[in-house]
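Coordinate inspection notes
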Amino acid sequence: MSVHTARRLRLIGAGRVVLLMAAVFFAVTTLVGLRDVSSVVNQVDRWLGNSFSVAAGGFCMLRAILVRGERLAWAVLGSGLLSYGAGSIYFTEIMKHVGAPSPADIGWLVFYVATCVSVILLLRGRVIRFHPSVWLDALVGGLGVAALASGLAAAVIGVDNPVGLSVLGLNIAYPLADLMLLVLVASAFGLRGWHPEKAWWLLGVSLAGFAVADTIVTGAMASGTYAPGGPVEALWGLALVLPAYAAWQRTPREMSERVAGWEVLFIPVFFAVSALTLLVLGAFIRLPPLTVVLAAGTVLTAIVRAGITFTEVRQLADSKMQARTDELTGFANRRGFFERLNEEETRGGGAARFTLLVLDLDRFKEINDSLGHQVGDDLLKLVGRRIETALRPTDLLARLGGDEFAVLLQDADATAARTVAERVLAALDGPFDVDGVSFHVDASIGVAVYPDHAVAGNVLLQRADIAMYAAKAARTRIEHYRPGADLHILDRLDVIETLRAGLGQDQLRLHYQMKVDLRTGSCHAVEALVRWEHPTRGLLQPNEFLPMAEHTGLMRTLTLEVLGLALDQCRQWWDAGLQIGVAVNLSAPNLLDKGFPAEVGELLTTKGVPPRALELEITETALMLDRIRTAAVLGSLREMGVRIAVDDYGTGYSSLAYLRELPVDVLKLDKSFVIHLDSDPLSAAIVQSTVGLAHSLALRIVAEGVETETAMGRLADYGCDFAQGFYLGAPQPADKLTPLLWHRNRRAYSSSSGEGGCPPSRLERVTAADLMADRAEPARAGRPWI
Ligand code: C2E
Ligand code: CA
Ligand code: CA
């Protein structure tokens with residue numbers, strides 16, 4: 001603010017103080033009747049009375065000129081006040097008596113029009129959305145006041161009144177106009193939730209002063225007792241100076257809007273009731289037709305007003321509803337969920353008990369990425385409906401975003417929550433049919449109990465989330481929040497970001513584990529198992545990062561990198577004369593990705609590895625995701641000559657049917673059966689019968705998890721083809737494994753190249769022609785291993 005402006009503002013402040021003091025002097029002298037005794041005071045007061053409106057008008061004008069914003073409104077009010085002043089001066093200096101309507105009345109009436117326009121301009125500026133309802137409120141108020149006043153006037157005037165009817169009519173118009181303006185200002189109060197700014201108060205009080213003074217004058221005129229001076233003029237004086245103060249109030253910077261409050265309806269309701277009362281009274285006493293028409297008009301306008309309010313409130317409710325609802329599923333969204341969470345917290349005065357479940361679909365991102373968002377969206381809708389079937393009507397289901405759902409279970413403890421969680425998972429068990437494609441969807445659920453795990457809603461939700469991640473990582477499907485798990489989860493998030501950045505940066509390492517031929521004891525194939533050289537934490541095992549990688553859709557990139565590394569190593573072995581095949585583990589999205597076979601083909605070509613040296617391992621669960629698409633992808637891979645193995649056989653949806661349908665070559669019996677082979681007759685029976693089953697389907701069978709010599713012996717007895725396990729060798733880096741491979745295959749090589757064997761360097765090398773021949777030959781079950 002410049003010095004110049006500051007000085008001006010100080011001057012204006014001082015001017016307003018002078019004005020107020022003058023008004024007080026005027027009021028006091030008028031009230032105690034000093035005017036009658038001292039002609040000096042009388043002269044001063046007469047002069048003052050006329051100058052108030054001029055001065056107030058001047059202040060309003062100054063406000064309009066000096067301060068930005070609302071300029072027009074204050075200029076209009078200023079000119080109205082000046083016009084009022086002109087009327088007063090004409091009245092006191094020229095006319096000097098009460099009589100017929102005169103030019104003074106024009107000056108005064110212009111003031112009303114100007115004030116009305118100014119108030120409306122201020123309202124429009126300060127209430128962002130100027131609803132039609134504000135106009136209707138003013139109309140209801142105006143009509144109501146007119147109805148009341150006309151009824152009242154009829155009662156007061158009676159038949160014979162000493163003043164001319166035109167004068168009286170005009171004088172009734174003044175308090176009516178005052179009241180109408182007051183109603184308009186009051187609607188600003190309503191819109192502001194009855195906490196209006198000072199400017200509205202000052203204008204309101206000013207108009208109320210006018211209304212009271214004008215009404216008294218009208219009454220006095222009707223009864224012929226009007227005399228100038230007295231309290232009425234004191235009131236007028238004060239009413240006139242207040243706008244000068246209103247004009248110089250600070251304009252609110254934040255123009256908040258209040259539309260919904262029922263207090264807005266106070267004015268229309270008040271006048272509608274008054275008008276109705278008049279109409280009812282009309283049945284008993286005679287009322288002038290004008291009063292009846294005005295009262296009826298008031299009621300009708302109030303009805304229209306109520307209609308508008310109703311639609312506004314409904315729209316408001318609708319938009320509030322929309323803001324709380326998830327568009328896709330129609331369940332609550334995050335905001336709706338939080339609102340209910342807060343309600344639940346405060347319910348029962350702190351004695352509330354409830355539980356949160358957070359549910360996240362496993363591998364949803366992959367489905368979404370490979371099958372498209374439409375399929376993903378449809379699947380989410382179906383999932384939502386299934387979850388709902390497992391809940392009580394009082395439970396709230398919400399979709400928090402993506403494939404994350406949350407459930408608020410009212411009055412449920414940890415045990416009850418687990419039951420519900422199990423019910424929800426059971427509901428998700430059956431296949432989902434989307435677009436003719438059938439899916440199995442698995443989910444993980446985290447549970448957090450209020451107030452045991454947290455007393456703040458958002459923290460509780462976070463903890464349920466953490467529990468959900470724990471369930472996902474441990475593949476336990478349901479986990480309760482455990483204090484201290486937070487750190488663990490932050491670790492996980494860090495891991496995933498580091499992995500995302502580390503892929504393609506030579507951080508993945510492969511360890512290889514032998515698959516030993518149970519008939520010959522030789523090894524012609526290894527399984528490649530990924531490890532990750534974390535920049536700060538050292539070598540991480542697959543279970544430390546693969547679940548997170550799966551959850552965040554990194555598996556496609558990861559698999560391709562692993563494939564590249566495995567084929568590089570394979571090429572090195574072949575170059576060294578070791579004809580070793582490698583098996584690489586795939587994950588579900590690879591099977592849904594129609595471009596995957598082409599990528600594998602390209603890698604085989606660039607690395608120069610015969611397709612028959614590559615085996616791809618796929619878990620049963622991944623195979624079941626989308627059988628049609630999976631069959632197509634596996635079909636093209638197999639046509640290339642790549643072998644397909646079913647991994648972890650016996651742990652998933654073991655179904656004989658799919659073994660016949662899907663193009664697979666090998667079964668890998670899960671280690672859980674093999675590990676207990678020695679001790680558990682049931683496991684032994686299962687292993688034995690699975691070997692028979694595989695062979696009857698012309699499949700080779702590999703037993704995983706061979707940890708003891710006895711187990712190996714039994715497997716050989718059962719006719720199992722290959723064994724893999726710690727007993728035969730743990731997974732290890734290629735440089736450690738290579739000598740072991742030479743050692744194990746020593747006999748095989750020596751028998752094939754005559755007495756004494758031959759040094760590796762002289763072993764037959766694979767030629768380009770071999771590779772081409774390999775590629776042309778389609779794989780079939782039962783042919784030699786490599
Ligand atoms: P898997 O495919 O079933 O791999 C065999 C796992 O069993 C390996 O664990 C191996 O170290 C372990 N194992 C081998 N012999 C024995 C034994 O005698 N007894 C017992 N108890 N365990 C044995 P690892 O290397 O920790 O891999 C775990 C899993 O991670 C793998 O299970 C596989 O599902 C996944 N995985 C590893 N590498 C990759 C990869 O490159 N891509 C994909 N998609 N998954 C991978
Ligand atoms: Ca495997
Ligand atoms: Ca396995």
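A brief look at the structure comes next. (Residues numbered from 1 in each chain as written. Chains lettered and ligands numbered in written order. Predicted model: local features only at pLDDT ≥ 70, side-chain atom pairs only at ≥ 80, totals over all residues. Heavy atoms only, no water.)

1. Looking at the overall build of the protein chain
The following threshold applies: By the criteria applied, helices consist of DSSP H or I runs no shorter than four residues and strands consist of E runs no shorter than two, each listed in order from the N terminus. Exposure classes here rest on a 1.4 Å probe applied to the protein chains alone. A residue is buried below 20% of its type maximum, exposed above 50%, and partly exposed in between. All accessible areas in this document rest on Shrake-Rupley with a 1.4 Å probe, and a residue is counted as covered only by the protein chains that are shown.
Within the protein chain, the regular secondary structure consists of 29 helices and 17 strands. Within the protein chain, the proportion of its 786 residues that are buried is 51%. Accessible surface, the protein chain as shown: approximately 35,900 Å² in total, 61% of it carbon and sulfur.

2. Considering unusual backbone geometry
Between Tyr 450 and the following residue, Pro 451, the backbone shows a cis peptide bond with an omega angle of 0°. Residue position: Pro 451 is located in the loop between β6 (443-450) and α16 (457-474). Phi is positive for Asp 506, which is not a glycine, with a value near 60°. With respect to the helices and strands, the residue Asp 506 is situated in the loop between α17 (485-502) and β8 (508-517). Phi is positive for Asp 648, which is not a glycine, with a value near 50°. Mapping Asp 648 onto the fold places it in strand β13 (residues 643-649).

3. Looking at the pairing of strand β9 (residues 523-534)
Test applied: Two strands make a pair as long as DSSP finds a minimum of two bridges between them.
By the criterion of burial, β9 is predominantly enclosed, with ten of the twelve residues buried. The sheet contact formed by β8 and β9 spans nine bridges and is antiparallel. Bridge pairing in β9 links Met 514 to Val 526. Counted between consecutive antiparallel strands, the loop separating β8 from β9 contains five residues, among which Gly 521 sits at a positive phi close to 80°. As paired strands, β9 and strand β11 (residues 581-585) are joined by four bridges and run parallel to one another. Its bridge partner lying in β11, Ala 528 is registered against Val 584. As paired strands, β9 and strand β10 (residues 538-540) are joined by three bridges and run antiparallel to one another. Note that in β10 the partner of His 534 across the bridge is Gly 538.

4. Digging into the coordination of the calcium ion (ligand 3)
Ideal coordination angles are 109.5 degrees for a metal with four donors arranged tetrahedrally and 90 or 180 degrees for a metal with six donors arranged octahedrally. Filter applied, for reference: The rule for donors is simple: an N, O or S atom within 2.8 Å of the metal counts, and for Na, K and Ca the reach is 3.2 Å. Water is not among the atoms, so a site may look short of donors.
Bound to the calcium ion (ligand 3) are the protein donor atoms Asp 647 (OD), Asp 648 (OD), Glu 704 (OE) and Glu 704 (OE), situated 2.1 to 2.4 Å from the metal. When the donors of the calcium ion (ligand 3) are listed by position in the chain, the intervening gaps give D-D-x55-E. A distance of 4.0 Å spans the gap from the calcium ion (ligand 3) to the calcium ion (ligand 2), which Asp 647 bridges by coordinating each metal. A residue is classified by how much of its surface remains accessible, and Asp 647, at 6% relative accessible area, is buried. A residue is classified by how much of its surface remains accessible, and Asp 648, at 23% relative accessible area, is partly exposed.

5. What to know about the environment of Ala 213
We apply this condition: Two residues qualify as a contact provided that any one of their heavy atoms is within 4.5 Å of a heavy atom in the partner residue.
Its location among the elements puts Ala 213 in helix α8 (residues 198-223). Taking relative accessible area as the criterion, Ala 213 reaches 0% and is therefore assigned buried. Note: C-alpha distance between Ala 213 and Pro 231 (18 residues apart in sequence) is 8.3 Å. Setting aside residues up to four positions removed in sequence, Ala 213 forms contacts with Val 232, Leu 235 and Trp 236.

6. Describing the sheet that holds strand β3 (residues 404-410)
Defined as follows: Angles run from 0 to 180 degrees between N-to-C directions of axes, and those axes are lines fitted to C-alpha atoms, restricted for helices to the stretch in contact.
Strand order in the open sheet formed by five strands is β2-β3-β1-β6-β7, with mixed pairing between adjacent strands. On the outer flanks of this sheet lie β2 (396-401) and β7 (478-480), each paired with one strand and no other. Within this sheet the neighbouring strands show an average axis-to-axis angle of 20°, counted without direction.

7. Regarding a nonpolar patch on the surface
For clarity, the cut-off: Distance thresholds for patches are 9 Å for like charges and 5 Å for nonpolar side chains (Val, Leu, Ile, Met, Phe, Trp, Tyr), applied to residues having over 30% relative accessible area and no salt bridge. A side-chain nitrogen of Lys or Arg and a carboxyl oxygen of Asp or Glu constitute a salt bridge if their distance falls within 4 Å.
On the surface, a nonpolar cluster with roughly 500 Å² of combined accessible area is contributed by Leu 20, Val 24, Val 28, Leu 31, Val 32 and Leu 238. At four residues, the largest contribution of residues to the nonpolar patch is made by helix α1 (residues 3-31). With a relative accessible area of 53%, Leu 31 lands in the exposed category.

8. Some thoughts on the coordination of the calcium ion (ligand 2)
Those protein atoms acting as donors to the calcium ion (ligand 2) are Glu 527 (OE), Asn 585 (OD1), Glu 617 (OE) and Asp 647 (OD), and they sit at 2.1 to 2.2 Å. Within one chain, the residues donating to the calcium ion (ligand 2) are spaced in sequence as E-x57-N-x31-E-x29-D.

9. Comments concerning the site of ligand 1
To keep it simple, the criterion reads: If a single non-hydrogen atom of a residue is within 4 Å of a molecule or strand, that residue counts as near it. N or O atoms closer than or at 3.5 Å make up a polar contact, with two conditions inside protein: a donor-capable atom paired with an acceptor-capable one, and, for residues adjacent in sequence, both atoms drawn from side chains. Residue classes follow a fixed rule: Ala, Val, Leu, Ile, Met, Phe, Trp, Tyr, Cys and Pro count as nonpolar, while Asp, Glu, Lys and Arg count as charged, and any other residue, Gly among them, counts as polar.
Among the 22 residues in the neighbourhood of ligand 1, the closest are listed as Gln 513, Arg 531, Lys 671, Glu 707 and Phe 726. With respect to ligand 1, the side chain of Asn 585 contributes an N or O atom lying 3.2 Å from an oxygen atom. Note that an oxygen atom of ligand 1 is positioned 2.8 Å from one of the side-chain N or O atoms of Lys 671. Burial of ligand 1 by the protein amounts to 82% of the accessible area it has alone, namely 790 Å². In terms of residue count, the dominant contributor to the shell around ligand 1 is β9 (four residues). Broken down by class, the residue content of the shell around ligand 1 amounts to eleven nonpolar, four polar and seven charged.

10. Considering the pairing of strand β15 (residues 700-703)
Our working rule: Seen with its strands pointing away from the viewer, a crossover is right-handed if its path from the first strand over the helix to the second goes clockwise.
The alternating pattern of β15 places Arg 700 and Val 702 on one face and Ile 701 and Ala 703 on the opposite face, and all of these are buried. The sheet contact formed by strand β14 (residues 666-669) and β15 spans four bridges and is parallel. The residue bridging Leu 667 from the neighbouring strand is Ile 701, located in β15. Summarising the sheet, β15 and strand β16 (residues 722-723) pair through two bridges and their orientation is parallel. By the bridge assignment for β16, Val 702 is matched with Phe 722. Regarding the hand of the β-α-β motif, the stretch spanning β15, helix α27 (residues 709-718) and β16 is right-handed.

11. Re α16
Keep this limit in mind: Expected span of a helix, by definition, is 1.5 Å for each gap between consecutive residues, and there is one gap fewer than residues.
With 18 residues, α16 extends 26 Å from end C-alpha to end C-alpha; this agrees with the ideal 26 Å at 1.5 Å per step. Of all the positions in α16, only Gly 457, Leu 460, Leu 461, Ala 464, Ile 466, Ala 467, Met 468, Tyr 469, Ala 470, Ala 471, Lys 472 and Ala 473 are classed as buried. Following α16 by one or two positions, Arg 475 adopts a phi angle in the positive range, close to 55°.

12. Structural notes on the pattern of salt bridges
Considering all chains together, one arrives at 27 salt bridges under this definition. As a salt-bridge pair, Asp 452 and Arg 353 come within 3.3 Å of each other at their nearest N and O atoms. Here Asp 452, found in the loop between β6 and α16, pairs with Arg 353, found in the loop between α12 (334-346) and β1 (354-361); they are 99 residues apart in sequence, far enough to count as distant. Taking the relative accessible area as the measure of exposure, Arg 353 reaches 32% and is therefore partly exposed. Ionic pairing is found between Glu 704 and Lys 668, a salt bridge with its closest N-O pair at 3.2 Å. Of this pair, Glu 704 sits in the loop between β15 and α27 while Lys 668 sits in strand β14, placing them 36 residues apart in sequence. Classification of Lys 668 as buried rests on a relative accessible area of 0%. Through salt bridges with shared partners, a single network forms among Lys 515, Glu 527, Glu 615, Glu 617, Arg 643, Lys 668 and Glu 704.

13. Side note on the environment of Ile 172
Summarising the element assignment, Ile 172 is placed in helix α7 (residues 165-191). Using a relative accessible area of 19% as the deciding quantity, one classes Ile 172 as buried. For the pair Ile 172 and Ala 222, spaced 50 residues apart in the sequence, the C-alpha separation amounts to 9.7 Å.

14. Topic: the packing of α12 against α16
Our working rule: Working rule for handedness: look at the near helix, and if it is turned counterclockwise from the far one by less than a right angle, call the crossing left-handed; if clockwise, right-handed.
Interaxial distance between α12 and α16 falls to 9 Å at its minimum, and their mutual angle equals 115°. Viewed along their axes, α12 and α16 form a crossing whose handedness is right-handed. Across from Arg 334, Phe 337, Phe 338, Leu 341 and Glu 345 in α12, the residues of α16 making contact are Gly 457, Asn 458 and Leu 461. Residue composition of the contact of α12 with α16, by class: four nonpolar, two polar and two charged.

15. Overview of the side chain of Arg 643
Tracing the backbone shows Arg 643 in strand β13. Here Glu 615 takes part through its side chain, which lies 3.5 Å from a polar atom of the side chain of Arg 643.

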